[in-house]
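Take a look at the letters that make up each chain.
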Amino acid sequence: MKKTVFLGALTLSGLAAVAASAGTLDDVKARGIMNCGVTTGVPGFAAPNASGEWEGFDVDVCRAVAAGVLGDPTAVEFVPTTGKTRFTALASGEIDMLARNTTWTFSRDVDLKFEFIGVNYYDGQGFMVPKELGVSSALELDGATVCIQTGTTTELNLADYFRSNNISYEPVPIETGAEAVQQYNAGACDVYTTDASALAAQRANFPDPSAHVVLPEIVSKEPLGPLVRHGDNEWGDIVRWTLNALISAEELGVTSVNAASLAADGSNNPEINRLLGTESNLGEQLGLDADWAKRAIEAVGNYGESFARNIGESTPIGLARGLNASYLDGGLIYSPPFR
């Protein structure tokens with residue numbers, strides 16, 4: 001879900017400047033724990049399992065960074081945040097990074113003073129309705145009640161779409177995804193709108209997923225990715241290149257299974273050797289050791305492994321790679337070179 005917060009932007013900017021000046025890498029190393037902001041719960045992306053342990057596609061990014069920096073993918077304190085609380089938590093230093101389906105927008109990058117370090121999922125806003133409503137297009141939703149999460153880009157996208165198509169709606173404001181699902185299933189709204197990936201994730205957990213339809217319209221661009229505070233470039237580089245390491249590993253055929261053997265035996269591909277730390281000093285340039293990327297890959301797998309395990313077509317979420325396929329397969333997922 002995506003989130004626009006303009007009120008209090010100057011306050012957030014000030015908090016971010018103060019927090020960034022402290023040096024996040026030093027703080028994380030001294031603490032021995034990385035504080036990572038996540039959603040309050042989206043199946044497949046970030047949610048506690050039956051044992052209370054956080055898991056999911058976004059959670060894997062947090063664990064990969066912890067593995068690279070601290071040598072332990074479990075050295076993470078997960079901090080659930082809502083659309084309204086996430087930016088304050090990051091700006092104030094309560095969390096070290098935010099890995100929570102958050103859309104990269106101009107105002108968040110420039111005005112709120114955050115640094116988006118890349119895109120780990122290309123998404124778009126969609127609509128879900130009960131099948132019994134008999135609706136096959138969002139253009140048939142004139143007069144509908146719509147569950148909409150406050151503090152998100154979905155609010156403006158929804159208003160723009162309905163206005164441009166000269167149709168009306170009645171918003172039903174909610175705070176969290178869990179509340180949206182509860183209200184939608186209780187019949188408090190005709191429609192639930194958010195990122196299409198989140199709709200698929202929530203629908204998969206319904207008692208009867210076939211009783212609900214995700215409509216074909218995608219009404220926005222939602223490039224989702226982790227973010228950090230402006231001004232702490234060293235920490236931003238670490239988070240950015242950890243995500244790139246997972247992406248590059250898929251491109252190069254490096255997996256959680258073969259990373260150790262490739263590092264031990266060497267490869268005839270110099271970029272694999274640089275990625276795994278057996279050539280050059282890329283880790284040292286980040287203020288880390290040579291094996292940081294290898295540990296990240298071993299902890300959560302490469303980008304494709306993480307996608308398949310958490311949200312892929314063989315999971316209940318059932319998402320196809322689509323735009324999120326590697327560029328080698330015609331998708332948009334692409335890492336700058338490790339050199």
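Residues numbered from 1 in each chain as written. Predicted model: local features only at pLDDT ≥ 70, side-chain atom pairs only at ≥ 80, totals over all residues. Heavy atoms only, no water.

Summing up its helical and strand segments, the protein chain has 14 helices and 14 strands in all. With the principal axes as the frame, the protein chain shows a C-alpha extent of 60 × 45 × 40 Å. When each of the 339 residues of the protein chain is scored for burial, the buried share is 57%. For the protein chain, long-range pairs separated by at least 24 residues make up 74% of all intrachain contacts whose partners lie at least 6 apart in sequence. For the protein chain, the exposed surface amounts to about 13,700 Å²; the carbon and sulfur share of it is 52%. Distance between charge centres in the protein chain, computed from 22 positive and 42 negative side chains, equals 2 Å. (Helix = DSSP H or I, 4+ residues; strand = E, 2+ residues; numbered from the N terminus. Buried < 20%, exposed > 50% of the residue type's maximum accessible area, 1.4 Å probe, protein only. Contact = heavy atoms within 4.5 Å. Areas by Shrake-Rupley, 256 points an atom, 1.4 Å probe, with all protein chains shown as cover. Lys, Arg positive; Asp, Glu negative; His and termini not counted. Charge placed at Lys NZ, Arg CZ, Asp CG, Glu CD.)

On to the state of the cysteines. Under the criterion given, the structure shown has two disulfides. In this model cysteine 36 forms its disulfide with cysteine 62; the gap between the sulfur atoms is 2.1 Å. Handedness of the cysteine 36-cysteine 62 disulfide follows from its S-S torsion of about -55°: it is left-handed. Residue cysteine 36 is found in strand S1 (residues 34-39), and its partner cysteine 62 is found in helix H3 (residues 57-70); the two are separated by 26 residues along the sequence. Residue cysteine 36 is classed as buried on the basis of its relative accessible area of 0%. On the basis of relative accessible area, cysteine 62 is assigned to the buried category, the value being 0%. (Disulfide = S-S within 2.5 Å.)

By the criterion of burial, helix H13 (residues 292-300) is predominantly enclosed, with seven of the nine residues buried. Those residues of H13 that fall on the buried side of the exposure criterion are Trp292, Ala293, Lys294, Arg295, Ala296, Ile297 and Val300. Residues of H13 that are buried in the fold lie against H3, helix H9 (233-252), helix H10 (259-265), helix H11 (270-276), helix H12 (282-286) and helix H14 (303-310). With its phi angle positive at about 85°, glycine 301 sits one or two positions after the end of H13.

With that out of the way, let us pick up the pattern of salt bridges. The tally for this structure, following the rule as stated, stands at eight salt bridges. Its salt-bridge partner being glutamate 298, residue lysine 294 comes within 3.5 Å of it at the nearest N-O pair. Of the two residues, lysine 294 and glutamate 298 both sit in helix H13, four residues apart, roughly one turn of that helix. Here the residues in one salt-bridge network are Glu115, Asp237 and Arg240, joined through shared partners. (Salt bridge = Lys/Arg side-chain N within 4 Å of Asp/Glu carboxyl O.)

On to the confidence of the model for the protein chain. Regions with low pLDDT should not have their predicted coordinates read in detail. The predicted model of the protein chain has a mean per-residue pLDDT of 92, with 94% of residues at 70 or higher. Counted against residues more than four places away or in other chains, residues 1-11, with its pLDDT under 50, gives 44 contacts. Contacts from residues 16-21, a stretch scored under 50 in pLDDT, to residues over four places away or in other chains number twelve contacts. (pLDDT = per-residue confidence, 0-100.)

With that settled, consider unusual backbone geometry. Residue lysine 113 is not a glycine yet carries a positive backbone phi of 65°. Tracing the sequence through the fold places lysine 113 in the loop between helix H5 (106-111) and strand S6 (114-116). By relative accessible area, which is 35% here, lysine 113 ends up partly exposed. One non-glycine residue, asparagine 166, lies in the positive phi region at around 55°. Relative to the helices and strands, asparagine 166 resides in the loop between helix H6 (153-164) and strand S10 (169-174).

In this structure the tally under the stated criterion is 17 aromatic pairs. Measuring from centroid to centroid gives 6.2 Å for tyrosine 121 and phenylalanine 307, while their planes differ by 10°, and the two rings are stacked. With a gap of 186 residues between them, tyrosine 121 in strand S7 (residues 121-123) and phenylalanine 307 in helix H14 connect regions that are remote in the sequence. Ring geometry for tyrosine 303 and phenylalanine 307: centres 6.3 Å apart, planes at 35°, overall tilted. One end of the pair is tyrosine 303 and the other is phenylalanine 307, both in helix H14 and four residues apart, which spans about a single turn. Taking relative accessible area as the criterion, tyrosine 303 reaches 2% and is therefore assigned buried. Taken together, Phe45, Phe57, Tyr121, Tyr303 and Phe307 form an aromatic cluster joined through their ring pairs. The residue whose ring lies beneath arginine 321 is phenylalanine 307, and the NZ or CZ to ring-centre distance is 5.1 Å. (Phe/Tyr/Trp six-rings, centres within 6.5 Å; stacked < 30°, edge-to-face > 60°. Lys NZ or Arg CZ within 6 Å of the ring centre and 35° of its normal.)

This part takes up the nonpolar core. By size, the foremost hydrophobic cluster in this structure holds 58 residues, and its most contacted members are Met34, Met97, Trp235, Val254, Leu275 and Leu276. When residues no more than four places from it in sequence are discounted, the contact partners of leucine 276 are Val254, Ala259, Leu262, Ala263, Ala290, Asp291, Lys294 and Ile297. Grouped together as the second largest cluster of nonpolar side chains are 14 residues, Phe127, Ala138, Leu141 and Val146 included. (Core = buried A, V, L, I, M, F, W, Y, C linked by side-chain atoms within 4.5 Å.)

Interhelical geometry of H9 versus H13 gives an angle of 65° and a closest axis separation of 10 Å. Taken together, the axes of H9 and H13 are roughly perpendicular relative to one another. The handedness of the crossing between H9 and H13 is right-handed. Contact residues: H9 offers Trp241, Thr242, Ala245, Leu246 and Ala249, while H13 offers Trp292, Ala293, Ala296, Ile297 and Val300. Of the residues contributing to the contact of H9 with H13, the split by class is nine nonpolar, one polar and no charged. (Axes fitted to C-alpha atoms, helices over the stretch in contact; angles between N-to-C directions. Parallel < 35°, antiparallel > 145°, perpendicular 65-115°, else oblique. Left-handed = near helix turned anticlockwise from the far one by under 90°. Nonpolar A, V, L, I, M, F, W, Y, C, P; charged D, E, K, R; others polar.)

Another aspect to go through is a nonpolar patch on the surface. Taken together, the side chains of Tyr327, Leu328 and Tyr334 define a hydrophobic patch exposed on the protein surface, amounting to about 340 Å² of accessible area. Tracing the sequence through the fold places tyrosine 334 in the segment after H14. When its relative accessible area of 53% is taken as the criterion, tyrosine 334 is described as exposed. (Patch = residues over 30% accessible without salt bridge, like charges linked within 9 Å, V, L, I, M, F, W, Y side chains within 5 Å.)

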